[in-house]
Amino acid sequence: MNEKPVPKSDCPPTLAAHRLVPMAHVSDVDRAAEFYTLLGFSCESRFTGEAGVTNFAGLVARQAEIFLARASEPVVPSAQSVLFYLYSDDIAGLRRHLLTKGLLDGGPPPGEGRPIQLPERNVAFDLRYPFYMPAGELRVHDLDGYCLLVGQLA
């Protein structure tokens, strides 16, 4: 098999990008920020428009960051083509916590003999143990249908 070599950057280190923070468009920034607090995030910054509607929030949890921005059009879960990968030291405990806070129990994750249609929002699925994350992985869909995978390192 002929594999192409991975290209190396020729960008000078002083010019290179060094931090990446995903920004997700959400239907309601305040509700989305509250959802992410269930995963351990805290709101670090928030900007509210003249009408009193929150347009942006920056959230942080240890080394993880996410920006939430108010969407200008409806957010359709099936059209979200980004996946967020997070890590937790106890995904079983995190799943129990999410269920006690009102997330739906989705049972087996989509793709394991189950269609991806429902439920698509505010749900935590059963843990799975793929070869790349033998200590376990949790699939969560947030309030806007973004897919969050939470892995547990050994």
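Keep in mind the model is a prediction, meaning the values are calculated, not measured. Once a new chain begins, its residue numbering starts again from 1 and follows that chain's sequence as written. Residues qualify for local features only when their pLDDT is at least 70, as the model is predicted, and side-chain atom pairs are given and counted only at 80 or more; totals for whole chains, interfaces and linings, by contrast, use all residues. Note that water and hydrogens are dropped before the side-chain values are worked out from all heavy atoms of the structure.

Draft legend 1. Spatial organisation of the environment of Asp-90. We count a stretch as a helix when DSSP gives it H or I for four or more residues in a row; a strand needs E for two or more, and each element gets its number in order from the N terminus. Locating Asp-90 in the fold gives a position in the loop between strand E5 (83-87) and helix H2 (91-100). Sequence spacing of Asp-90 and Leu-153 is 63 residues, and the spatial spacing of their C-alpha atoms is 9.1 Å. A polar contact is formed between the side chain of Asp-90 and the backbone nitrogen of Gly-93, at a distance of 2.8 Å. In protein, a polar contact requires one atom able to donate a hydrogen and another able to accept it; more generally it is a pair of N or O atoms within 3.5 Å, and residues adjacent in sequence count only if both atoms are side-chain atoms.

Draft legend 2. Focus on the packing of aromatic side chains. The aromatic pairing rule takes the rings of Phe, Tyr and Trp, using the six-membered ring of Trp, and pairs them if the centres are within 6.5 Å, calling planes under 30 degrees apart stacked, those over 60 edge-to-face and the rest tilted. A complete count under the given rule lists seven aromatic pairs for this structure. Ring geometry for Tyr-36 versus Phe-41: centroids 5.9 Å apart, planes at 80 degrees, classification edge-to-face. Partly exposed residues are those whose accessible area sits between 20% and 50% of the maximum for their type, while under 20% is buried and over 50% is exposed, using a 1.4 Å probe and protein chains only. Residue class for Tyr-36 comes out buried when judged on its relative accessible area of 2%. By relative accessible area, Phe-41 is classed as buried at 5%. On the numbers, 5.3 Å between centres and 55 degrees between planes, the contact of Tyr-85 with Tyr-87 is tilted. A relative accessible area of 31% means that Tyr-85 is categorised as partly exposed. Note on Tyr-87: relative accessible area 55%, which makes it exposed. Here the aromatic cluster, defined as three or more aromatic residues joined through ring pairs, consists of Phe-35, Tyr-36 and Phe-41.

Draft legend 3. Focus on a nonpolar patch on the surface. Patch rule: a residue counts if its relative accessible area is over 30% and it has no salt bridge; like charges are joined within 9 Å, and nonpolar side chains (Val, Leu, Ile, Met, Phe, Trp, Tyr) within 5 Å. Residue burial considers only the protein chains on display, and all accessible areas are found by Shrake-Rupley using a 1.4 Å probe. A pair is scored as a salt bridge if a Lys or Arg side-chain nitrogen falls within 4 Å of a carboxyl oxygen belonging to Asp or Glu. Taken together, the side chains of Leu-83, Tyr-85, Tyr-87, Phe-131, Tyr-132 and Leu-153 define a hydrophobic patch exposed on the protein surface, amounting to about 720 Å² of accessible area. Turning to its location among the elements, Tyr-85 is positioned in strand E5.

Draft legend 4. Region of the structure containing the side chain of Arg-95. Within the element layout of this structure, Arg-95 appears in helix H2. Pairs of residues are marked as contacts when any of their non-hydrogen atoms sit within 4.5 Å. Each residue touching Arg-95, except ones within four places of it in the same chain, is listed here: Asp-105, Gly-107, Ala-124, Phe-125, Asp-126, Leu-127 and Leu-138.

Draft legend 5. View of the nonpolar core. Core analysis: the largest hydrophobic core is formed by 28 residues, its most contacted members being Phe-35, Tyr-36 and Leu-68. Elements supplying a minimum of two residues to this core: strand E1 (23-26), helix H1 (29-37), strand E3 (54-61), strand E4 (64-70), E5, H2, strand E8 (137-141) and strand E9 (147-151). Ranked by the residues each element gives to this core, the list is headed by H1, at five residues. Leaving out residues up to four positions away in the same chain, Phe-35 has contacts with Leu-103, Asn-122, Val-140, His-141, Asp-142, Leu-143 and Leu-148. Nonpolar cores are built from buried Ala, Val, Leu, Ile, Met, Phe, Trp, Tyr and Cys residues. Side-chain atoms within 4.5 Å join them into one set.

Draft legend 6. Representation of the sheet that holds E4. Pairing between two strands is assigned when DSSP locates at least 2 bridges connecting them. The sheet built from four strands is open, its strands ordered E1-E4-E3-E2 with mixed pairing. Of all strands in the sheet, those bounded by a partner on one side alone are E1 and strand E2 (42-48). The average undirected angle you get between the axes of adjacent strands in this sheet is 20 degrees. Pairing of E1 with E4, which is carried by four bridges, proceeds in the parallel orientation. If you follow Val-26 over to E4, its bridge partner there is Arg-70. As a rule, the C-alpha atoms of each element are fitted with a line to give its axis, helices using only the stretch in contact, and angles between N-to-C directions run from 0 to 180 degrees.

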